[in-house]
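Here are the chains, one letter per residue:
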Amino acid sequence: YSYGRYGTIYGSSGITSGRFTPSGEGVLKRLSGLFAVEFLQKVHEEGMLEIYQINPVHDGDVSSYYDSLFENGVYATDPDKESYNNPEARVVDIYHLLGNNCVTMSLKGLNDESIVIDSEAISPIGLDVEMRKLSSTSNQVIRLSNPLEYIEGLLKVIRNEEDLE
């Protein structure tokens, strides 16, 4: 899954500066298979990927949460965006840079009150700082030291599954 302003960007605040515009359609992308791996590789190449293992989190519960959001979402409204009529993208709410954003959406999916993240950590960098702190003081959060190795492992699993089909 990936969440962001992949749909219409709202300029009602008077600020419309591309990716820094504060609000817009909150689009949840559900990527699978090679598309998911390619997305992770791209994010890794951009230097924006950290992977943490959270314990104990049940993958099925996390997937159910995001699947429910996705299934109840609607298609994006801007025909100039790649999310428009994209079967792997749904508007699930209104995104806001300083409140309801990619970080807060990630934390909602965990749905684990035992993981306490500073409420000021609502940016990707802020979340990474908090997660690094937690990983150094808790067994609940483990920072994977080599995200590329993890991505390559996913790729092997996906290719094996495709070979079995």
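Refer to the preceding data block for the structure.
Residues numbered from 1 in each chain as written. Predicted model: local features only at pLDDT ≥ 70, side-chain atom pairs only at ≥ 80, totals over all residues. Heavy atoms only, no water.

(A) Looking closely at the pattern of salt bridges. Applying the stated criterion across every chain, the model contains eight salt bridges. Close ionic contact of Glu71 with Arg30 constitutes a salt bridge, the shortest N to O distance being 2.9 Å. Within this pair, whereas Glu71 is found in helix H2 (residues 59-71), its partner Arg30 is found in the loop between strand S3 (23-29) and helix H1 (33-45), the two being separated by 41 residues in sequence. Judged by its relative accessible area of 51%, Glu71 falls in the exposed class. For Arg30, a relative accessible area of 27% gives the class partly exposed. Within this structure, Glu50, Asp128, Arg132 and Arg143 form a network of salt bridges that share partners. (Salt bridge = Lys/Arg side-chain N within 4 Å of Asp/Glu carboxyl O. Helix = DSSP H or I, 4+ residues; strand = E, 2+ residues; numbered from the N terminus. Buried < 20%, exposed > 50% of the residue type's maximum accessible area, 1.4 Å probe, protein only.)

(B) Highlighting the packing of H2 against helix H3 (residues 102-110). With their axes 8 Å apart at the nearest point, H2 and H3 run at an angle of 125° to one another. The angle between H2 and H3 falls in the class oblique. Residues Val62, Tyr65, Tyr66 and Leu69 of H2 touch H3, and the partners they reach there are Met105, Ser106, Lys108 and Gly109. The residue inventory of the contact of H2 with H3, partitioned by class, reads five nonpolar, two polar and one charged. (Axes fitted to C-alpha atoms, helices over the stretch in contact; angles between N-to-C directions. Parallel < 35°, antiparallel > 145°, perpendicular 65-115°, else oblique. Contact = heavy atoms within 4.5 Å. Nonpolar A, V, L, I, M, F, W, Y, C, P; charged D, E, K, R; others polar.)

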